[in-house]
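An overview of the molecular structure
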Amino acid sequence: MHKLVSLLNVFSVLSLLAVGGGTAVLPQMQHETVTNYGWVTATEFATMYSLGQLAPGPNMSMVALIGLLTAGLPGAIVVLVAFFLPASLLTYVVSNIWDRFDGVPWRDAVQAGMAPITIGLMLGGVYAVGKTASFNVSRPIEENLITLAIGAAVVVILFARHVNPALLILGGGVIGYFVLR
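What counts and what doesn't
Residues numbered from 1 in each chain as written. Predicted model: local features only at pLDDT ≥ 70, side-chain atom pairs only at ≥ 80, totals over all residues. Heavy atoms only, no water. Helix = DSSP H or I, 4+ residues; strand = E, 2+ residues; numbered from the N terminus. Buried < 20%, exposed > 50% of the residue type's maximum accessible area, 1.4 Å probe, protein only. Patch = residues over 30% accessible without salt bridge, like charges linked within 9 Å, V, L, I, M, F, W, Y side chains within 5 Å. Areas by Shrake-Rupley, 256 points an atom, 1.4 Å probe, with all protein chains shown as cover. Salt bridge = Lys/Arg side-chain N within 4 Å of Asp/Glu carboxyl O. Axes fitted to C-alpha atoms, helices over the stretch in contact; angles between N-to-C directions. Parallel < 35°, antiparallel > 145°, perpendicular 65-115°, else oblique. Contact = heavy atoms within 4.5 Å. Nonpolar A, V, L, I, M, F, W, Y, C, P; charged D, E, K, R; others polar.

Turning next to the environment of glycine 120. Along the chain, glycine 120 falls in helix H5 (residues 105–134). The exposure class assigned to glycine 120 is partly exposed, which follows from its relative accessible area of 39%.

See below:
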């Protein structure tokens, strides 16, 4: 029961902090689930995030896997509700209020100010997961160089061409499987 309460507390707070989407809270989520509570390892966290990107629906449904590993099916349910319900309710209430201020000059200023904050939070999330997935001190340096090369290749491909990221995740996984096994 204690784990369920802890899961509820952690993911409810993360839900309310997820300005701009779940990616914005990835560093804090990783810190809480890996470092503070030890529910999952850093590698498991990165793997779950990758699976969440491949799965249909919200990419942050990966939080259910954390709950499942921590406290079974009840943990998965608690985490899903805790992560999605508070943010959904807050969004509903704020959007109704926000619509009342349509055309007011300060509204545009607030929106313009929130954009760089959201981008910064998302970049922080990408960095946290990328660092964990690409470099691990417990692996040999050769493996780290290969994972860094795969990550760099994905970034180059994404900037050069419009390729479905799911295909790149699958491709990176296949290359990693054959090269690193």
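The rest of the description comes next.
Where nonpolar side chains cluster on the molecular surface, the patch consists of Val19, Tyr92, Val93, Ile97, Phe101, Trp106, Val110, Met114, Ile117 and Leu121 and spans about 850 Å² of accessible area. Only helix H4 (63–100) and H5 provide two or more residues apiece to the nonpolar patch. A total of five residues in the nonpolar patch trace back to one element, the largest contributor, which is H5. Within the fold, valine 19 resides in the loop between helix H1 (2–17) and helix H2 (26–36). The class for valine 19 is partly exposed, based on a relative accessible area of 30%.

On to the packing of H1 against H2, then. Between H1 and H2, the shortest axis-to-axis distance is 11 Å and the interhelical angle comes to 175°. By the angle class used here, H1 and H2 are roughly antiparallel. Listed contacts from H2 to Val10, Phe11 and Leu14 of H1 are Gln28, Met29, Glu32 and Thr33. Considered class by class, the residues forming the contact of H1 with H2 number four nonpolar, two polar and one charged.

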